[in-house]
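Structural overview
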Amino acid sequence: MERHEEERLCGKCRVDCGLHSYNLRDIFTWRLLKTIAMGQILSLLICGTAVSCQYLADAGVETPMLQSFLNYVLLLLFYTTILSTRKGDRNILHILKTKWWKYLVMGLADVEANYAVVKAYQFTTLTSIQLLDCFVIPVLMLLSWFLLKTRYRMIHFVAVMVCLLGVGAMVGADILAGRDQGSTSDVVLGDGLVLLSAVLYAVSNVCQEYTVKNLSRVEFLGMMGLFGTLISGIQLTVLEIGAVQAIKWDFRISMLFAVYALCMYALYSFMPVVVKMTSATAVNLSLLTADLFSLFCGIFLFHYTFSALYIISFVVITAGFVLFNAVPTYSALPESGSSEDDPAEVFADHTAESSSDHLLPAEKDPQRPETLIPAAAAAAAL
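These numbers come from a predicted model, not from an experiment. (Residues numbered from 1 in each chain as written. Predicted model: local features only at pLDDT ≥ 70, side-chain atom pairs only at ≥ 80, totals over all residues. Heavy atoms only, no water.)

1. Observations regarding the packing of helix H9 (residues 187-214) against helix H10 (residues 217-239)
Running from N to C, H9 and H10 point in directions that differ by 140 degrees, and their axes come no closer than 8 Å. Judged by the angle between their axes, H9 and H10 are oblique. Considering the relative orientation of H9 and H10, their crossing is right-handed. Every residue of H10 that contacts H9 at Ser204, Gln208, Thr211 and Val212 is listed here: Arg217, Phe220 and Met224. Broken down by class, the residue content of the contact of H9 with H10 amounts to three nonpolar, three polar and one charged. (Axes fitted to C-alpha atoms, helices over the stretch in contact; angles between N-to-C directions. Helix = DSSP H or I, 4+ residues; strand = E, 2+ residues; numbered from the N terminus. Parallel < 35°, antiparallel > 145°, perpendicular 65-115°, else oblique. Left-handed = near helix turned anticlockwise from the far one by under 90°. Contact = heavy atoms within 4.5 Å. Nonpolar A, V, L, I, M, F, W, Y, C, P; charged D, E, K, R; others polar.)

Put into structure tokens, the structure is as follows:
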């Protein structure tokens, strides 16, 4: 009798956590491997932007708004141009007439999130930024819960805690290696800017997830290119015109700007595909490894001190990411699906549909919506 009661309680716990009837073959699927690989591609692209930024900083060039402006211009030239050639309600004029203010808010949040986190380096330390920047994940989960009606299980919260422990190991390795870089001129202001950027990144990412899952990836990127170029262009003129004029342009500096802009353009173009496959929260969890890739590059390029904690941190973050993907999240809202016939979108749709295998018969409830959002990180930093 006692054994039966113990098995019943264990079974109830497994259902609450979302692990009922799961085995390793259910968890380590081809979809999960693709999700991990695509998330790490995003991290490598962020690593490319970080390395190019470091080389630009070493050359005395500190123009973050100019760098962001170049990325938005590339988005404008490609995706906004595509929107301009479309007809009907998918044309840019119709979109601007009906939803211009929504995309203005989205673009403003994205541009200011980038600017706030870069500005924070002038006032606080690298350690504080790495720790506080993780604030984007709980804010993103909160916004997803209320705005996208995403429903998490206990295992998802445990997975997030595991990932944050991995970040703690990374920060500890930085401290032991003496990499507590940055400034301490106004720590309170710097930390406040990091928290502000995290909230803005969360807003931008939630808007991105809703747009690419219900409207169109090209529409999101086209509008981001239009309003991002407009907003960053104004800020560039007001804040950085002197710094841009002081740049001593040569082939090396030009190539560094080109590498940064192309990495950011690829990141912005590829990230909506991964978000549609998974979720904005899952993407931001996978992006936690971006700092580690930057550190590994720094060991060879900038002679950083190696620590075994970096390897431990990478393993822990990856384990948390896998744990988060072990069980899908549910949404109380049905997804209308993308309205465009884009190869990347079709691939994402096919992958998302294949994830329905994770919906267990024992978990089905006639009163629970059957719509499933496959959840796999962000912010950041976009």
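Still to come is the rest of the account.
2. Quick notes on the layout of surface pockets
Reported here for the second largest pocket is a volume of approximately 400 Å³. Residue lining of the second largest pocket: 16 residues in total, with Lys102, Met106, Cys207, Tyr210 and Thr211 positioned closest to the centre. Elements that contribute at least two residues to the lining of the second largest pocket include exactly helix H5 (92-120), helix H7 (136-147) and H9. Sort the elements by how many residues they give to the lining of the second largest pocket and H5 lands first, with six residues. Tallied by class, the residues present in the lining of the second largest pocket amount to 13 nonpolar, one polar and two charged. (1 Å grid on protein atoms, 1.4 Å probe; cavity = no way out; pocket = protein on both sides within 12 Å on 5 of 7 lines; lining within 4 Å. Points joined across faces, edges and corners; volume = space filled by probe spheres on them.)

3. Some remarks on the packing of helix H4 (residues 64-85) against H5
Running from N to C, H4 and H5 point in directions that differ by 160 degrees, and their axes come no closer than 12 Å. Classed by the angle they form, the pair H4 and H5 counts as roughly antiparallel. Handedness of the crossing formed by H4 with H5: right-handed. Each of Pro64, Met65, Ser68, Tyr72, Thr80, Leu83 and Ser84 in H4 lies in contact with H5, whose residues at this interface are Ile92, Ile95, Asp110, Val111, Asn114, Tyr115 and Val118. Classifying every residue of the contact of H4 with H5 by side-chain character gives nine nonpolar, four polar and one charged.

4. Overview of the environment of Tyr265
On the secondary structure map, Tyr265 appears in helix H12 (residues 251-277). In sequence terms Tyr265 and Val73 are 192 residues apart; their C-alpha atoms lie 9.3 Å from each other. Once residues within four sequence positions are removed from consideration, Tyr265 is found in contact with Asn71, Leu74, Leu75, Phe78 and Tyr79.

5. A look at the nonpolar core
By size, the foremost hydrophobic cluster in this structure holds 49 residues, and its most contacted members are Ile137, Val167, Leu285, Leu288, Leu292 and Phe324. Elements represented by at least two residues in this core include exactly helix H3 (30-58), H5, H7, helix H8 (154-176), H9, helix H13 (280-286), helix H14 (290-301) and helix H15 (308-325). Sequence-distant contacts of Leu288, defined by excluding residues within four places in its chain, comprise Cys134, Ile137, Cys163, Val167 and Ile317. By size, the runner-up hydrophobic cluster in this structure holds 43 residues, among which are Leu45, Val244, Leu267 and Val274. (Core = buried A, V, L, I, M, F, W, Y, C linked by side-chain atoms within 4.5 Å. Buried < 20%, exposed > 50% of the residue type's maximum accessible area, 1.4 Å probe, protein only.)

6. Digging into the pattern of salt bridges
Taken as a whole and judged by the stated rule, the model has two salt bridges. A salt bridge links Lys99 to Glu219, with the shortest nitrogen-to-oxygen separation between them at 2.9 Å. Taken as a pair, Lys99 in helix H5 and Glu219 in helix H10 lie far apart in primary sequence, 120 residues in all. Both residues of the pair, Lys99 and Glu219, belong to the buried class. Ionic pairing is found between Lys213 and Glu209, a salt bridge with its closest N-O pair at 3.1 Å. (Salt bridge = Lys/Arg side-chain N within 4 Å of Asp/Glu carboxyl O.)

7. Topic: the packing of aromatic side chains
Tallied over the full model, the rule gives seven aromatic pairs. With a centroid separation of 4.7 Å and an interplanar angle of 85 degrees, the aromatic rings of Phe78 and Tyr79 are classed as edge-to-face. An angle of 35 degrees between the planes, with centres 6.2 Å apart, marks the rings of Tyr79 and Tyr265 as tilted. A residue pair is termed long-range when its members are at least 10 positions apart, and Tyr79 in helix H4 and Tyr265 in helix H12 qualify at 186 residues. Here a set of aromatic residues connected by ring pairs shows up, and it is made of Phe78, Tyr79 and Tyr265. One cation-aromatic arrangement involves Arg151 over Trp145; the distance from NZ or CZ to the ring centre is 4.2 Å. (Phe/Tyr/Trp six-rings, centres within 6.5 Å; stacked < 30°, edge-to-face > 60°. Lys NZ or Arg CZ within 6 Å of the ring centre and 35° of its normal.)

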